[in-house]
Amino acid sequence: PGTILFVCWVSVVVCYILCRFHNFKLSPLQPSDFVSRPLTTLKSMAAEVVAAAGLEERETTHSLLPTPAERGLLSSTSSSAITASVPSLQATLVQPLEPILGVAPLGRVHLTKDRKHQQTMLDAAYMHLPLPADSEKVRTYLSRNAYPTPPYHHQHPPSHFNSFEMFQRLPPETLFFVFYYQEGTRAQYLAAKALKKQSWRFHTKYMMWFQRYEDPKTITDEYEQGTYIYFDYEKWQQRRKEGFTFEYRYLEDKDLP
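My aim in this report is to walk through the structure given alongside it, one point at a time.

What counts and how
Residues numbered from 1 in each chain as written. Predicted model: local features only at pLDDT ≥ 70, side-chain atom pairs only at ≥ 80, totals over all residues. Heavy atoms only, no water. Helix = DSSP H or I, 4+ residues; strand = E, 2+ residues; numbered from the N terminus. Buried < 20%, exposed > 50% of the residue type's maximum accessible area, 1.4 Å probe, protein only. Contact = heavy atoms within 4.5 Å. Areas by Shrake-Rupley, 256 points an atom, 1.4 Å probe, with all protein chains shown as cover. Salt bridge = Lys/Arg side-chain N within 4 Å of Asp/Glu carboxyl O. Lys, Arg positive; Asp, Glu negative; His and termini not counted. Core = buried A, V, L, I, M, F, W, Y, C linked by side-chain atoms within 4.5 Å.

### Things to note about the overall build of the protein chain
Within the protein chain one finds 10 helices and five strands. Every one of the 257 residues in the protein chain was classed for burial, and the buried ones make up 16%. Counting only contacts in the protein chain whose residues sit at least 6 apart along the sequence, the fraction spanning at least 24 positions is 45%. When the accessible surface of the protein chain is summed, it comes to about 21,800 Å², and 60% of that surface belongs to carbon and sulfur atoms.

### What to know about the pattern of salt bridges
Considering all chains together, one arrives at four salt bridges under this definition. Where R212 meets E224, a salt bridge forms, and the shortest distance between an N and an O atom there is 2.7 Å. A residue pair is termed long-range when its members are at least 10 positions apart, and R212 in strand 2 (residues 208-212) and E224 in strand 4 (residues 223-232) qualify at 12 residues. Here R249 makes a salt bridge to E247, at a shortest N to O gap of 2.7 Å. Owing to a relative accessible area of 62%, R249 belongs among the exposed residues under this scheme.

### Points about the side chain of K196
Structurally, K196 is set in helix 10 (residues 186-197). The side chain of K196 is buried and forms no salt bridge, while E252, the nearest opposite charge, is found at 4.6 Å. Beyond its immediate stretch of four places on either side in the chain, K196 contacts R201, W209, E252, D253 and K254.

### A few points about the nonpolar core
Core analysis: the biggest nonpolar cluster contains 18 residues, and F167 and W209 have the highest contact counts within it. Of the residues forming this core, the biggest block, six residues, is contributed by helix 10. Those residues in contact with W209, other than ones at most four positions away along the chain, are F176, F179, Y180, A192, L195, K196, W200, R201, F202, I229, Y230 and F231. Core analysis: the next-biggest nonpolar cluster, separate from the first, contains six residues, M208, F210, F244 and F246 among them.

Next comes the structure, spelled out in structure tokens:
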């Protein structure tokens, strides 16, 4: 019994201190309050102290839910914020994009020098597409309806037009053109014969014409090595090659009649 009484006393004192801390008006405790009252449980004593301090009314009146005015203020604020954000969303959705970004998301890439050269060559090739007639062999034109020309023009092709003497007088560039673009004709044969006459030699591996620029530095039974001039038919120009090894097995050394 003594322990229970001590615990009750401590609980009442703690409740009293809490009530004083919250500035509630309580009547001072009298010793007669503990003497006149019968001994009860701790729960009943705490309920009496709470009822005397008026904590139930304070907890009932205080609510965490917002008032109708506060709810109206919150709804108006949220709606205004949403309305203000709608134009920005619309502006973001309507931004135009360049079609090039679908292929290159990082933007335009400047072409290098080699790519620009390739683009130029492709444009030139597109403007000069080959025709089906280009794959056919060159045939002599025979006019069915001869047009009358003045007598001071040649009425017939020159007799020496397909002669070796005439091809000997042509420059090397013309002979190269006839050799590469009139394949399988007598003109190609005469052009090759004239080039060999000018000390040009045909390389069967590279399909190019070579000529000694100077005396070879090394000569064996199988090859010779030195500086040569060759005709590059891809770039259509004569170029010089130093330290080139010309193997005799790739030399076209047939004597043309």
